[in-house]
Amino acid sequence: AGSAAGATATFLTYPLDVMRARLAADSRSHHHGYMSGVRHLWRSEGPRGLYAGLRPTILGIVPYSGLSFSAFETLKAHLRDSSRTRAGGTADDPLPPLTGTQRLLAGGAAGAIAQTVTYPLTVVRRRMQVGVGGGGYHGVAHALRSIYAAEGVANGLFKGLSLALLKGPLQSAIGFSVNDYAKKRLAR
């Protein structure tokens, strides 16, 4: 259900993401806002232009969500077990609750793991959105192979990852922590 909801929301808002990417990439743009840009894009490229790069985006949502949630839960369990062991507890003792800091660390690490693993799809999406590579990619697999062949791993498939890792893990840390806190409060 979560993946379907994410895919639906992404599909409905995707033209805004395309416009944001294109406006950021084109310093010569004469569009005065999103709607002007959307109208121009619709007239010049049609629906394909508004949804350029959607496939790698949708393909990235599922593994990103799955990896981040499973990594978060695994890291929380590990942190709770480590806290119990440091306090002198045994496997028979109940697990202690996590501190806010531990929750933030688990969320940030989970976000970093998921973002790193799925980052090549982010590169493909952005390039398809702004037409880099001559817009000549014939799908996601072709784009991944082309980028790897021309630019390699670090300077191609993972180009820009260090900047993304400044924002993504922080966003995940806050999101997971708030979600856990809200679930706990609502369960009372």
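The structure reproduced in this document is the subject of the present report.

What counts and how
- Residues numbered from 1 in each chain as written.
- Predicted model: local features only at pLDDT ≥ 70, side-chain atom pairs only at ≥ 80, totals over all residues.
- Heavy atoms only, no water.
- Phe/Tyr/Trp six-rings, centres within 6.5 Å; stacked < 30°, edge-to-face > 60°.
- Helix = DSSP H or I, 4+ residues; strand = E, 2+ residues; numbered from the N terminus.
- Buried < 20%, exposed > 50% of the residue type's maximum accessible area, 1.4 Å probe, protein only.

Summed over the entire model, instances satisfying the criterion amount to 5 aromatic pairs. Aromatic side chains Phe69 and Phe176 sit 5.1 Å apart centroid to centroid with 90° between the ring planes, which places their arrangement in the edge-to-face category. Note that Phe69 is positioned in helix α4 (residues 54-86) and Phe176 in helix α8 (residues 161-187), a separation of 107 residues in sequence. Classification of Phe69 as partly exposed rests on a relative accessible area of 46%. On the basis of relative accessible area, Phe176 is assigned to the buried category, the value being 7%. Ring geometry for Phe72 and Phe176: centres 4.2 Å apart, planes at 15°, overall stacked. Of the two residues, Phe72 sits in helix α4 while Phe176 sits in helix α8, which places them 104 residues apart along the sequence. Among the aromatic residues, those joined into a ring-pair cluster are Phe11, Tyr14 and Tyr51.

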